[in-house]
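# Structural characterization, general
Residues per chain are reported as follows:
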Amino acid sequence: MRSDLVKPRWLGIHLLALLASAVCLVMGYWQFDRAQEPSREVVSSPVEQLAKARPLGEVLQPGAYMPEDEGNQAVAATGVYDAGRQRLAPALSPEGEKGYYVVVPLVTGEDKNTAIAVSRGWIPQSAADSVDRLAEPPEGEVRLTGWLQPPDKAEDGYIPIDTPEGHVARIAPSLLVNEWPYRLYEGYIVRGEQRPQDQAADGSGASLREIPPPEPPRRTVWDWRNAGYAAQWVVFAAAVVVFWVSLVRRELREGAGGADPAGGGGGPDGGDESGSGGASSGGWGGSDTAGQVSVARTS
């Protein structure tokens, strides 16, 4: 009966079970791998070297959506600063001290209607009143290289109690568009190098501290939702194997129960008994008839 399991119908069942379990395992591995990937809502790429800077227009277009994985790219931009529209955005220093990023629009393009926000540097909270005495951006055309960053989210940095005049809650085009009369890029640039340099600063004010973007964390952050999906796919693969085993066992059981173990219908004794019974019956019947005929003749 085991040969029944290699018939065409069963070969198809074997192949289907193999493919189904393989697909489930592949999907489970994919979800397991996804569970170890960084969240798509954070910058995960390392900070590029400024020597690898590419023109801003090759990386991002004005008004176009900027994916998070575009962050930390080194870019180069040419334009003119609109120093009169400088703003302060609250931010924490790498040491956790409260302060502000000094943000200014860099007007690019020949139409002078497009700009990208540039973070010039950081000042402590105590120096907010002396922002007018900071080093002024250079006049005329400048060439800037820095790191492209996606818009800051509401949970980044710290949230101030209010937003005074000349401040902005965070570096995000959705907010800066209300401050500046330009068509803005989705992201902003953290300044790295600039030619020409800023103008001489008034010694009575605070100095700008240039802070490059931090490297993303290297540790694995598990996404438990994807890990749960991976476990589900493994369970599905096990269910396919269990179902296939149950089909095979049922086929073997039904094949063994339907066989004729005696090799015939009534057996050899039954046939002989029937024949001898018939002959015996016929013999007894023949003797009785002969005796009756003999008695009749004698009479």
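Residues numbered from 1 in each chain as written. Predicted model: local features only at pLDDT ≥ 70, side-chain atom pairs only at ≥ 80, totals over all residues. Heavy atoms only, no water.

## Concerning the environment of glycine 63
What counts here: Secondary structure elements follow DSSP: runs of H or I of four or more residues count as helices, runs of E of two or more count as strands, with numbering from the N terminus. Pairs of residues are marked as contacts when any of their non-hydrogen atoms sit within 4.5 Å.
Here glycine 63 lies in the loop between helix 2 (56-59) and strand 2 (73-81). In contact with glycine 63, not counting residues within four places along its chain, are Leu184 and Tyr185.

## With respect to the pattern of salt bridges
We count it as follows: Salt bridge, as used here, is a side-chain nitrogen of Lys or Arg placed within 4 Å of a carboxyl oxygen of Asp or Glu.
Inspection of every chain in the model, using the stated rule, returns 7 salt bridges. For arginine 85, the salt bridge is made with aspartate 82, and the minimal N-O distance between the two is 3.1 Å. Taking the shortest distance from any N to any O, the salt bridge between glutamate 95 and arginine 209 comes out at 3.1 Å. Here glutamate 95, found in the loop between strand 3 (87-92) and strand 4 (98-108), pairs with arginine 209, found in the loop between strand 7 (183-195) and helix 4 (224-257); they are 114 residues apart in sequence, far enough to count as distant. Beyond isolated ion pairs, a larger network of salt bridges with shared partners links Arg120, Arg191, Asp198 and Glu210.

## A few points about the environment of proline 105
The topology assignment puts proline 105 in strand 4. Considered as a pair, proline 105 and arginine 85 are 20 residues apart in the sequence and their alpha carbons are 7.2 Å apart. If sequence neighbours within four positions are ignored, proline 105 has contacts with Val80, Tyr81, Asp82, Arg85, Ala115, Ile116, Trp180 and Tyr182.

## Quick look at unusual backbone geometry
Put simply, arginine 195 and proline 196 share a cis peptide bond, and its omega is -5°. Note on placement: proline 196 falls in the loop between strand 7 and helix 4. One non-glycine residue, asparagine 72, lies in the positive phi region at around 75°. Within the element layout of this structure, asparagine 72 appears in the loop between helix 2 and strand 2.

## Some thoughts on the nonpolar core
The criterion, for reference: We define the nonpolar core as a collection of buried residues of types Ala, Val, Leu, Ile, Met, Phe, Trp, Tyr and Cys that are connected through side-chain atoms lying within 4.5 Å of one another. Burial classification: accessible surface area is computed with a 1.4 Å probe over protein chains only, and a residue below 20% of its type maximum counts as buried, one above 50% as exposed, and the rest as partly exposed.
With 21 residues, the main nonpolar core has Tyr101, Val103, Ala117, Ile171, Leu176 and Trp180 as its most contacted residues. Counting only elements with at least two residues in this core, the list comes to strand 3, strand 4, strand 5 (114-124) and strand 7. If near-sequence neighbours (up to four positions away) are discounted, isoleucine 171 is found in contact with Ala89, Tyr101, Val103, Ala117, Ser119, Pro151, Asp152, Leu176 and Tyr188. Formed by 16 residues, the second largest nonpolar core is a distinct cluster that contains Leu60, Ala77, Tyr81 and Tyr185.

## As for the UniProt feature "transmembrane region" (unreviewed entry) in the chain
Inclusion rule: UniProt positions are given in the numbering used here, feature names are shortened, and annotations may be inferred rather than shown by experiment.
If you check UniProt for "transmembrane region" (unreviewed entry), the listed places come out as residues 12-32 and 227-247 in our numbering. As a span, residues 12-32 carries 100% helix and 0% strand, and end to end its C-alpha atoms are 30 Å apart. For residues 227-247, the end-to-end C-alpha separation is 31 Å, with 100% helix and 0% strand making up the annotated structure.

## Considering a nonpolar patch on the surface
Under the convention used in this document: Patches here are clusters of residues that have more than 30% relative accessible area and form no salt bridge, with a 9 Å joining cutoff for like charges and a 5 Å cutoff for nonpolar side chains (Val, Leu, Ile, Met, Phe, Trp, Tyr). Per-residue and other accessible areas follow the Shrake-Rupley method at a 1.4 Å probe size, with only the shown protein chains counted as cover for residues.
On the surface, a nonpolar cluster with roughly 530 Å² of combined accessible area is contributed by Tyr29, Phe32, Trp222 and Trp224. Relative accessible area serves as the criterion here: at 39%, phenylalanine 32 is assigned to the partly exposed category.

## Regarding the side chain of glutamine 31
Rules: Identification of polar contacts relies on pairs of N or O atoms within 3.5 Å, with a donor-acceptor requirement for protein atoms, meaning one able to donate a hydrogen and the other able to accept it, and with residues adjacent in sequence counted only if both atoms are side-chain atoms.
Along the chain, the position of glutamine 31 falls in helix 1 (residues 8-35). Given a relative accessible area of 9%, glutamine 31 falls into the buried group. Only 2.8 Å separates the side chain of glutamine 31 from the side chain of asparagine 226, close enough to count as a polar contact.

## Details of the pairing of strand 2
We count it as follows: A strand pair is defined by DSSP finding two or more bridges across the two strands.
Burial analysis of strand 2 places 7 of its 9 residues in the buried class, the great majority of the element. Both strand 1 (residues 54-55) and strand 2 contribute to a ladder of 2 bridges, which runs parallel. Bridge pairing in strand 2 links arginine 54 to valine 75. The pairing of strand 2 with strand 6 (residues 141-149) spans 8 bridges and is antiparallel. The partner of threonine 78 across the bridge, within strand 6, is arginine 143. Where strand 2 meets strand 4, 2 bridges bridge the pair, whose relative direction is antiparallel. Bridge pairing in strand 4 links tyrosine 81 to leucine 106.

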